[in-house]
Amino acid sequence: MVTTLERIADLESFILDPYLVLYLPLYELDGASFMSRDAYGHLCTVTGAGWRPNGRYFDGVDDIINCGNAVSLQLAGAMTAELWINPTIGTASDVMGKGGNGEYAAFLFQLLATGQLYFSQSVDGASWGTSIGSTVNLSSNTWFHIVGVSDLTIATLYINTVVRGTDATPAPSLWNASVSVSVGAGIKPSNQAIGNYFTNYIGEVRIYNRALTPAEIMNNYLATKWRYC
């Protein structure tokens, strides 16, 4: 059972972290648009992606959440992207990122039809500077805590706090162009949603403009898994 003090600690670690540039507790955010719960209050617009008590449901056809391209989301150095997802495996999909399939992305989580998860980054929009494929595959209808970290020395992909892939040549700076951060699908530089839409649930999303440590990733996982596991 989660105590009141533990939930207060949860809020302190997520909302009060000065490096947190995007926080979406999607289980709390209803409506066709909403403001992110970080210090920046990004306006996020929803296409489809209906609200459920454990997050937003994405139909795999045309559902997407567009979080815009504010300066605070134009990451140029170390970064961390963290999500709770419950996928449907069988077709390739873009889970979350800045850019997407058909266009190289500043950063992007992709799922292959096999369930293999990729965390990728681009420095120029023309090639991948970082591309990590997980050593294990995700499965359908199961909640996973996924984290991509780059500290400019090494990029690391975590699944449920376990390192499932690394790249010793991480992107030293990220290509941002005018591309919005998107949840549930990729977005081209023209800010038009593209195919490879995610299917099933996304519970929450966080982006930091620094690299979280393994201990911090574990803390975030333990503080939130009661909602999903």
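Look above for the structure.
Given the structure is predicted, the values throughout are model-derived calculations rather than measurements.

The rules behind these values
- Residues numbered from 1 in each chain as written.
- Predicted model: local features only at pLDDT ≥ 70, side-chain atom pairs only at ≥ 80, totals over all residues.
- Heavy atoms only, no water.
- Disulfide = S-S within 2.5 Å.
- Helix = DSSP H or I, 4+ residues; strand = E, 2+ residues; numbered from the N terminus.
- Phe/Tyr/Trp six-rings, centres within 6.5 Å; stacked < 30°, edge-to-face > 60°.
- Buried < 20%, exposed > 50% of the residue type's maximum accessible area, 1.4 Å probe, protein only.

1. Brief notes about the state of the cysteines
Here is step 1 of the chain: Within the structure shown, the criterion is met by zero disulfides.
Here is step 2 of the chain: The thiol of cysteine 44 is not disulfide-bonded; the next cysteine sulfur, from cysteine 67, is found 3.3 Å away.

2. Some words on unusual backbone geometry
Excluding glycine, most residues fall at negative phi; most peptide bonds, likewise, are trans.
Here is step 1 of the chain: Unusually for a residue other than glycine, leucine 152 sits at a positive phi of about 75°.
Here is step 2 of the chain: Note on placement: leucine 152 falls in the loop between β12 (144–150) and β13 (155–159).

3. A closer look at the packing of aromatic side chains
Here is step 1 of the chain: Going through the model one piece at a time under the given rule, you end up with seven aromatic pairs.
Here is step 2 of the chain: Each ring, one from phenylalanine 58 and one from phenylalanine 198, has its centre 6.1 Å from the other, and the planes form 80°; the classification is edge-to-face. Note that phenylalanine 58 is positioned in strand β5 (residues 55–59) and phenylalanine 198 in the loop between β15 (181–183) and β16 (199–208), a separation of 140 residues in sequence.
Here is step 3 of the chain: In this structure phenylalanine 198 comes out as buried when scored by relative accessible area, which is 1%.
Here is step 4 of the chain: Linked through ring pairs, Tyr57, Trp84, Trp143, Tyr201, Tyr221 and Tyr228 together constitute an aromatic cluster.

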